Amino acid sequence: MNLAFIPSPSTGVIDLGPIPLRGYAFCIIIGVFVAVWFGNKRWVARGGRSGTVADIAVWAVPFGLVGGRLYHVITDYQLYFSDGENWVDAFKIWEGGLGIWGAIALGAVGAWIGCRRRGIPLPAWADALAPGIALAQAIGRWGNWFNQELYGKPTDLPWALKISEGPNRVAGTYHPTFLYESLWCVGVALLVVWADRRFKLGHGRVFALYVAAYCAGRAWIEYMRVDEAHHVLGLRLNVWTAIIVFVLAVVYIVISAKVRPGREEIVEPGASDTDAEGDADAKDADAKDGDAKDGDAKDAEPDATDTATDTDTDTDIKAEAGPGDGETGDAEKDGAPEAAKKL
C-alpha cells in the first residue's frame, strides 16, 4: 500500500455563482500572462518598446490555441469521430487537449503576421519570448492535474499521482508525468536564459534552443505515458514528433550560427529614437524647472533689497527725529528759569 502520494482534485471546476471556473483554462490563462510579462521584460532589455510583445501576442495566442486544438483533434480523432462519440466535443477545449506542436506552429504564423504589421523581425521576437513560453508550459501542465489526465505508468514511488475512478481511467497511483514535464520546462527556461546571456544568442537561436531542449525532455516523458495514442514503428506519434523537431532545431542552430553570427543590434526600428526623444523631453523639463527656480530666486532678491532699503530708511528717520527731540528738551530747559521768575 502506497502511504505517500500526490492527491488529485475531486473536481476540475469551481462554480462562482453562474460562472464556472475551470482549472485547466485557468492554468492556460496564467501561463499566457507570465509568458507575455517575461517576454516584455526581455524585449525591452534587447532595445524594443514596452508593450510590443503584448501587441503581437494578440495575434499569436489565438492562432496558437487553434493550432494546439487542431493538432490534438487530428492526432486523436478517434476520441471525437469514432462510433459512439460526439464530434461536438472537439470544440470543448476546456476539457483538455492542446498539442504543443500545433500551438507553436500555428502560433508562429500569428506572430509572423503581428511582426510584419509592426515591422519587427520574427526571430528576434521569438528569442525574447522563448523562456516565457517554457514557463507558460510549466504552468499550463497543471491543468492536466485538475483534469486527472496524461499520467504515466503505475508506480509506488512517494511522489506518485493518485487517480480516482472515472471515464477511461482506472483508480490507482501513477507517474505524475504532468509534474515531470512542468519541472522540465522550468529547467528549460533557466537553461535558455543562461545560454542567451553567456553566448549572446540571436537570429532565432534562443528559440531554437528552447525547442531542442523541450523536445529532449518531451521524448522520454511521452514514452512514460499510458493514455491512448497512435504508434509508429513501436513508438508513440509524439515521440517521433519530438525527435524530428529536435533534429530540425539543432540543424537550425548550427546553420544560423554560421550564416548570421552574433545578435541583432536593432530589434525594433525607431525604438531607440523614441527613447532618445523621451530623454530629451525629460532634460527639457528639468531645464525648465531649473529656470523656474532661478526666476523665483531672482524674484526673491528685490524683496531682500527692499527690506534692506526699508531698514536704512527707518534708521534715517530715527536719526532725523533725534535732533528734534533734543530741541524740544532745550526749549523746556530755557523756559524753566522764566517760570521761576514769575513765581
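Look a little higher up for the structure.
Residues numbered from 1 in each chain as written. Predicted model: local features only at pLDDT ≥ 70, side-chain atom pairs only at ≥ 80, totals over all residues. Heavy atoms only, no water.

Regarding the overall build of the chain
At step 1: Along the chain, the regular secondary structure elements total 10 helices and 6 strands.
At step 2: Of all 343 residues assigned to the chain, the portion counted as buried reaches 36%.
At step 3: Sequence-distant contacts in the chain: of pairs separated by 6 or more residues, those separated by 24 or more amount to 72%. (Helix = DSSP H or I, 4+ residues; strand = E, 2+ residues; numbered from the N terminus. Buried < 20%, exposed > 50% of the residue type's maximum accessible area, 1.4 Å probe, protein only. Contact = heavy atoms within 4.5 Å.)

Looking at helix 9 (residues 237–259)
At step 1: Given a rise of 1.5 Å per residue, 23 residues ought to cover 33 Å, and the 33 Å separating the end C-alpha atoms of helix 9 matches this to within 8%.
At step 2: Those residues of helix 9 not exposed but buried are Asn-238, Val-239, Thr-241, Ala-242, Ala-249 and Ser-256. (Expected span 1.5 Å × (residues − 1).)

Structural notes on the packing of aromatic side chains
At step 1: Counted by the stated rule, this structure contains 11 aromatic pairs.
At step 2: Plain terms: the ring middles of Trp-142 and Trp-145 are 5.7 Å apart, the flat faces sit at 75 degrees to each other, and that makes the pair edge-to-face. Taken together, the residues Trp-142 and Trp-145, both in helix 6 (residues 142–147) and 3 residues apart, mark about one turn of the helix.
At step 3: Judged by its relative accessible area of 32%, Trp-142 is partly exposed.
At step 4: Residue Trp-145 is classed as buried on the basis of its relative accessible area, which comes to 19%. (Phe/Tyr/Trp six-rings, centres within 6.5 Å; stacked < 30°, edge-to-face > 60°.)

Let's talk about the side chain of Ser-182
At step 1: In this structure, Ser-182 sits in helix 7 (residues 177–199).
At step 2: Exposure remark for Ser-182: the relative accessible area of 5% places this residue in the buried category.
At step 3: Separated by 2.7 Å, the side chain of Ser-182 and the backbone oxygen of Ala-138 make a polar contact. (Polar contact = N/O pair within 3.5 Å; in protein donor to acceptor, adjacent residues only side chain to side chain.)

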